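What follows is each chain in one-letter form.
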Amino acid sequence: MPPAERKSLPARFEPGDRVRVKELPNLYYSRTQMYVRGVIGTVAVCTYTDLKPEDEAWSRDDAPYEQYYIIRFRQKDLWAEYPFDKDTLQTELPDSWLEPVTA
Amino acid sequence: MPSRSDLKRLYDVGAQLAPMTHQQQDWPYEISPDAYKAYLQPPHDVGGQASGPSVFEEKEEELWELNTYVTCEVLGWKGVWNSEERRRIGNNDLGASLYYGFPYYGRWIWAAARMLVDKKHISLMELLEKIAEVKARHAAG
Amino acid sequence: MAHDHDHEHDHDGGHPAAPMVAEVTDFEILEIAVRELAIEKGLFTVDEHRKFTEWAESIGPASGSRLVAKAWTDPAFKARVLADATKASLEVGIDWSQPTGFGTPSDYTEFRVLEDTPTLHHVIVCTLCSCYPRPMLGHSPYWYRSPNYRRRIVRWPRQVLAEFGLILPPEIEIRVEDSNQKCRFMVLPLRPAGTEGWTEQQLAEIVTRDCMIGVALPRADRKADDVRPVHAALRPVPHEEAGR
């Protein structure tokens, strides 16, 4: 139940942007699947702002909100052996877990 | 109180929970970087792991499962915990053995009990006494 | 060590053998203990628990079926669904802010509907737990929560769909939606041939739960999901609603 007004970090990405999922180590908790880490995808949708999971999981309610995005990946980029060219996968990630891909 | 033979049976079951690697795992002096990563990967992050074909059967819900779902949700409704805390405790903090060894809602209620103790809403002794009391009440019919 | 639990549900190797089950299981005891302590400590009331239980027993996939049927017959409604599915849900009687005023703690209010096209097929999963659009589709089937489905559908979607009896040609893009945060998804499948002139109610009858997860396609000649084995409960919820 988010309060009406929350400080939110500015969104760094918009639909169509190419982004890479950060490759951070695992420790204690994550909502960023291993299979997307280090992989480049495209922002499909800007969804909502909220705490990042790493903050919410320890109830750090005063932490800033940030933008979440639905990211679209090509299955061939996720799994080296994937045989079907067109297939895709989407999942949702917060701003902190993404870095820009230039060119 | 478990009898001595009951206790031996419990020990035998417990011994079988060791992960199925083919190495002794009683506190190794060091482990490989891959083993370190594997141990720290949250047990719920299973997407992409290999598994064989499955029978995707339906399951009828037990009353205690519905009650568990509702209890956990109402604790969320009342702000006692948030969903990410629930996911952390019930999917990660319990470790791989319980993650795979417990029923789905068994993890949920384990997490709720753990949270109530961690957040000091109840003491562990209160919880233990209550479990024993409920058990005795049901044994008495 | 010999297995000493040859329970009746021990079958086919796909699942571990069901354990010996005591008269009242340890989980039932733990659930009662937690609920009673929470009430004694004033964390919630019996009435609040009952109110949520009533809500939990009122939900089911029929709401989603109505949404799909209405979207098939009313293009303006479909546009509203794709623009803001949470809001459009009100038009089929589903208020995502219920039963608490801010939604359920686990389902949030960020509902999105994924529209299939002749060249695109969606299927939903939550690889990290079991996120599912409960207010619109009811409780998820157990197989949806199973590690097996979660492991494989993201990497071998065509194999898993084939095990559900759904084989799609490679020209059709399969898009797996791994619901891992606060958005909740359902699939808006294509309206099948042979349903021309049907009413919304007739159409809703062929939109089964599996069609809205994306592991089946609606067919004019099928009003129920394919029959699968059912694991019966020992002490089921009394008067559980039909169609689950």
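Quick caveat: nothing in here was measured; it's all calculated off a predicted structure.

### Regarding the domain arrangement of chain C
Residue and element names in this part refer to chain C. The domain boundaries assigned to chain C delineate domain 1 (26–56) and domain 2 (60–213). A straight line from the C-alpha centre of domain 1 to that of domain 2 covers 31 Å. The interface of domain 1 with domain 2 comprises four residues on the first partner and eight residues on the second. Between domain 1 and domain 2 the total buried area reaches about 480 Å² when both faces are included, carbon and sulfur atoms providing 77% of it. Among the residues domain 1 hides against domain 2, the three largest losses belong to Lys51, Phe52 and Trp55. Together they make up 87% of the total. Viewed at the interface, domain 2 and domain 1 are joined by zero salt bridges. Class assignment for the residues of the side of domain 1 that touches domain 2 results in three nonpolar, no polar and one charged.

### Describing the packing of helix 3 (residues 63–77) of chain B against helix 1 (residues 26–40) of chain C
Where helix 3 of chain B contacts helix 1 of chain C, the two axes come as close as 10 Å, and the packing angle between them is 30 degrees. With respect to each other, helix 3 of chain B and helix 1 of chain C are oriented roughly parallel. Along this stretch, helix 3 of chain B crosses helix 1 of chain C, giving a crossing that reads as left-handed. Contact with helix 3 of chain B, carried on its side by Trp64, Asn67, Thr68, Thr71 and Leu75 of chain B, involves Phe27, Glu28, Glu31, Val34, Arg35 and Ala38 of chain C of helix 1 of chain C and no other residues of that element.

### Side note on the environment of leucine 127 of chain B
Looking at the secondary structure, you find leucine 127 of chain B in helix 7 (residues 124–139). Since its relative accessible area comes to 6%, leucine 127 of chain B is described here as buried. A C-alpha to C-alpha distance of 38 Å links leucine 127 of chain B and serine 51 of chain B, two positions 76 residues apart in sequence. Once residues lying within four places of it in the same chain are set aside, the contact partners of leucine 127 of chain B are Ala113, Val117 and Ile122 of chain B together with Leu37 of chain C.

### Details of the interface of chain C and chain B
Each partner contributes residues to the interface: chain C has 80 residues there, and chain B has 67 residues. Approximately 6700 Å² of surface area, both sides summed, lies buried where chain C meets chain B, with 61% of it carried by carbon and sulfur atoms. Interface area lost by chain C to chain B is led by Phe27, Tyr142 and Arg151 of chain C, which between them contribute 11%. Where arginine 137 of chain B meets glutamate 36 of chain C, a salt bridge forms, and the shortest distance between an N and an O atom there is 2.8 Å. Run the count over chain C and chain B and you get 39 residue pairs in polar contact (both at pLDDT 80 or more). For the side of chain C that touches chain B, the secondary structure elements donating two or more residues are helix 1, helix 2 (46–58), helix 7 (142–145), helix 8 (147–153), helix 9 (157–163) and strand 5 (230–231) of chain C. For the side of chain C that touches chain B, the element with the most residues is helix 1 of chain C, which contributes 14 residues.

### Considerations on the state of the cysteines
Inspection of the entire model under this criterion finds zero disulfides over all chains. Not part of a disulfide, cysteine 131 of chain C finds its nearest cysteine sulfur in cysteine 126 of chain C, a span of 3.6 Å.

### Notes on the side chain of arginine 107 of chain B
Topologically, arginine 107 of chain B is positioned in helix 6 (residues 104–118). It is glutamate 65 of chain B that comes nearest to the buried, bridge-free arginine 107 of chain B among opposite-charge side chains, at 11 Å.

### Some details on the nonpolar core
Leu67, Met136, Tyr149 and Met186 of chain C are the most contacted members of the largest nonpolar core, which has 70 residues in total. Val70, Tyr104, Trp110 and Ile122 of chain B belong to the second-largest nonpolar core, a separate cluster that totals 38 residues.

### Regarding the sheet that holds strand 2 (residues 120–125) of chain C
Taken in spatial order, the seven strands line up as 5(A)-1(A)-2(A)-3(A)-4(A)-3(C)-2(C) in an open sheet, and their pairing is mixed. For this open sheet the edge positions go to strand 5 (98–100) of chain A together with strand 2 of chain C, each flanked by a neighbour on one side alone. Adjacent strand axes in the sheet meet at a mean angle of 35 degrees when their direction is disregarded. Both strand 2 (residues 40–50) of chain A and strand 3 (residues 66–74) of chain A contribute to a ladder of six bridges, which runs antiparallel. When the bridges of strand 3 of chain A are listed, threonine 42 of chain A appears paired with arginine 72 of chain A.

Quick notes on the rules
Residues numbered from 1 in each chain as written. Chains lettered and ligands numbered in written order. Predicted model: local features only at pLDDT ≥ 70, side-chain atom pairs only at ≥ 80, totals over all residues. Heavy atoms only, no water. Domains from an automatic or database assignment. Contact = heavy atoms within 4.5 Å. Buried area = accessible area lost by both parts, 1.4 Å probe. Salt bridge = Lys/Arg side-chain N within 4 Å of Asp/Glu carboxyl O. Nonpolar A, V, L, I, M, F, W, Y, C, P; charged D, E, K, R; others polar. Axes fitted to C-alpha atoms, helices over the stretch in contact; angles between N-to-C directions. Helix = DSSP H or I, 4+ residues; strand = E, 2+ residues; numbered from the N terminus. Parallel < 35°, antiparallel > 145°, perpendicular 65-115°, else oblique. Left-handed = near helix turned anticlockwise from the far one by under 90°. Buried < 20%, exposed > 50% of the residue type's maximum accessible area, 1.4 Å probe, protein only. Polar contact = N/O pair within 3.5 Å; in protein donor to acceptor, adjacent residues only side chain to side chain. Disulfide = S-S within 2.5 Å. Lys, Arg positive; Asp, Glu negative; His and termini not counted. Core = buried A, V, L, I, M, F, W, Y, C linked by side-chain atoms within 4.5 Å. Pairing = 2+ DSSP bridges.

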